[in-house]
Amino acid sequence: MGVLVSHLLSLAPGEVHVWLTTPEAIADEELLAAYARWMNPEEAARQARFLFARHRHQFLVARALVRTTLSRYGDLPPAAWQFVNNAYGRPDIDPTHELGDLRFNLSHTDGLVAVAVGRGEIGVDVEDTWRRSHTDQIAEHFFAPGEVAGLRGLPQARQHGRFFELWTLKEAYIKARGMGLAISLHHFAYDLDGPGIGLAIDPVLGDTPEGWQFFLDAPTDRHRLALAARFPGGEPLRIAVTHVVPGT
């Protein structure tokens, strides 16, 4: 298990490819052993720190998806990829691979792992809507006031779905900015009640809504996915979503 494709994929301006896999569906011992060999020592150490086996498995599959996905765009086997972290800890492709502006972003939750690949600012988030959580309390603590008001104004039956639409979009934006929770979730707000997806950004964040584009999806009955993207040339966002088993 090494080179996965006979020809490399290309990305047109504005195009983002999203690759999905289901960790719980991957149990082949030979395949999992290959995934473990592909990890570098730092990744292996991070995996070992997880207390529960299902989280170690999820991490292993997520790293395999990153590495096999990148091998679709760069002529390197999965084990050869190297990464560097920015000042906020976001991993990027090591510049020594000389792949220019190729970027990736990873997200995983119970039941689903997603990797987005594109040329521009991109962030992806997936969430498990079946998880037990107090979504009303989370919204009160982390959403902007306008988002909370809009959420509360919906019929009760729609609030759970709207919460996860907002949560995934907010996560996708801060990941696309490459700053994670260094960006306060209170300082930007989405409007999902008009045409399209509206975004307002407090000037304190040093950003404007211009150029940002978004994508919302329900890749399974259980999960929600959001993507945030901005391209240097302002090209319209085009997305291809593919379900795979890494290394096959």
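One can find the structure itself at the top, above this paragraph.
Residues numbered from 1 in each chain as written. Predicted model: local features only at pLDDT ≥ 70, side-chain atom pairs only at ≥ 80, totals over all residues. Heavy atoms only, no water.

*Asks:* So, the pattern of salt bridges: which residues are in play, and what are the values?
*Replies:* Inspection of every chain in the model, using the stated rule, returns 16 salt bridges. With its nearest N and O atoms 3.8 Å apart, the salt bridge here joins Glu42 to Arg46. Taken together, the positions of Glu42 and Arg46, both in helix α2 (residues 41–48) and 4 residues apart, correspond to about one turn of that helix. Classification of Glu42 as partly exposed rests on a relative accessible area of 44%. Residue Asp207 pairs with Arg230 through a salt bridge whose shortest N-O separation is 2.8 Å. Placement of the pair is Asp207 in the loop between β8 (198–201) and β9 (213–217) and Arg230 in strand β10 (residues 223–230), with a sequence separation of 23 residues. Residues joined by salt bridges that share partners form a network here, namely Glu121, Arg177, Asp207 and Arg230. (Salt bridge = Lys/Arg side-chain N within 4 Å of Asp/Glu carboxyl O. Helix = DSSP H or I, 4+ residues; strand = E, 2+ residues; numbered from the N terminus. Buried < 20%, exposed > 50% of the residue type's maximum accessible area, 1.4 Å probe, protein only.)

*Asks:* How would you sum up the nonpolar core? Please name residues and give values.
*Replies:* Phe143, Phe163, Tyr173, Phe188, Tyr190, Leu199 and Trp212 are the most contacted members of the largest nonpolar core, which has 26 residues in total. Within the residue set of this core, elements represented by two or more residues are α4 (135–142), α5 (145–152), α6 (156–176), β7 (188–191), β8 and β10. It is α6 that contributes the most residues to this core, 9 residues altogether. If near-sequence neighbours (up to four positions away) are discounted, Phe188 is found in contact with Ala144, Glu147, Lys170, Tyr173, Ile174, Ile183, Leu199, Ala200, Ile201 and Leu205. In this structure, Val66, Phe104, Leu106 and Val115 belong to the second largest nonpolar core, which totals 17 residues. (Core = buried A, V, L, I, M, F, W, Y, C linked by side-chain atoms within 4.5 Å. Contact = heavy atoms within 4.5 Å.)

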